[in-house]
Amino acid sequence: MTDNNIYPIFDRMLSREDKEELLGQHSVMIWFTGLSGSGKSTIAIALERELHKRGLLCRILDGDNIRSGINNNLGFTEADRVENIRRIAEVSKLFLDTGIITIAAFISPNNDIREMAANIIGQDDFLEIYVSTPLSECERRDVKGLYAKARRGEIKNFTGISAPFEAPVHPALTLDTSVLSLEESVNKLLDLVLSKIQIKK
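An unreviewed UniProt entry lists the protein chain under the name Adenylyl-sulfate kinase, with Bacteroides stercorirosoris as the source organism. For the protein chain, the Catalytic activity (unreviewed entry) comment in UniProt is given as "adenosine 5'-phosphosulfate + ATP = 3'-phosphoadenylyl sulfate + ADP + H(+)". A UniProt comment under Pathway (unreviewed entry) is attached to the protein chain, and it reads "Sulfur metabolism; hydrogen sulfide biosynthesis; sulfite from sulfate: step 2/3."

Caption draft 1: Up close: the UniProt feature "domain: APS kinase" (unreviewed entry) in the protein chain. Per the UniProt record, "domain: APS kinase" (unreviewed entry) is annotated on residues 27-176. A distance of 26 Å separates the end C-alpha atoms of residues 27-176, which is 42% helix and 16% strand.

Caption draft 2: Focus on the UniProt feature "active site" (unreviewed entry) in the protein chain. Residues annotated in UniProt with the feature "active site" (unreviewed entry) correspond here to Ser-108. Relative to the helices and strands, Ser-108 is located in the loop between strand S3 (101-105) and helix H5 (111-121). Taking the relative accessible area as the measure of exposure, Ser-108 reaches 3% and is therefore buried. Beyond its immediate chain neighbours, meaning those up to four positions away, Ser-108 contacts Trp-31, Phe-32, Thr-33, Ile-85, Ile-113, Arg-114 and Phe-165.

Conventions used here
Residues numbered from 1 in each chain as written. Predicted model: local features only at pLDDT ≥ 70, side-chain atom pairs only at ≥ 80, totals over all residues. Heavy atoms only, no water. UniProt positions renumbered as here; feature names shortened; annotations may be inferred. Helix = DSSP H or I, 4+ residues; strand = E, 2+ residues; numbered from the N terminus. Buried < 20%, exposed > 50% of the residue type's maximum accessible area, 1.4 Å probe, protein only. Contact = heavy atoms within 4.5 Å.

Structure below.
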């Protein structure tokens, strides 16, 4: 018994390696970061489909499915953004420990917040993918109409307009969807990840 009434059972649970052997894959976190409208979710969905075709089990986490559920009580203050990413990282670690390839698509606007996520998940499991599509192109697309609202002052703390975005220092891969097609982006990702997630037989 611990002071806060938590009873660890990790030593009695099946290991991550047991789950990976069952699934025939190594789990890894593929973490997309970039501005709103940069193409993160589009690429994540396309990557999931390609990995699924290869018999690999994945789970996508993105802002829409997380903020409508587990994080629906959070706003967009700096403190809430940190807590949003902390919870996502903790959930992601559970998926990884279950042997599931996890694909996350979040703005995650600064290096400190992404470093926190990587430390929770585990640096060796964390592949940071920078979708570097320029602000001008993201704003031109304005898929959800958010940039227009941010320019009118209707959305506060909007990354790229009224809040900063820090580009990753050493991403595993950089993809600019203003010059790369979806197919080209996915192929670059497959070149990066397949060797890491496939178990040699």
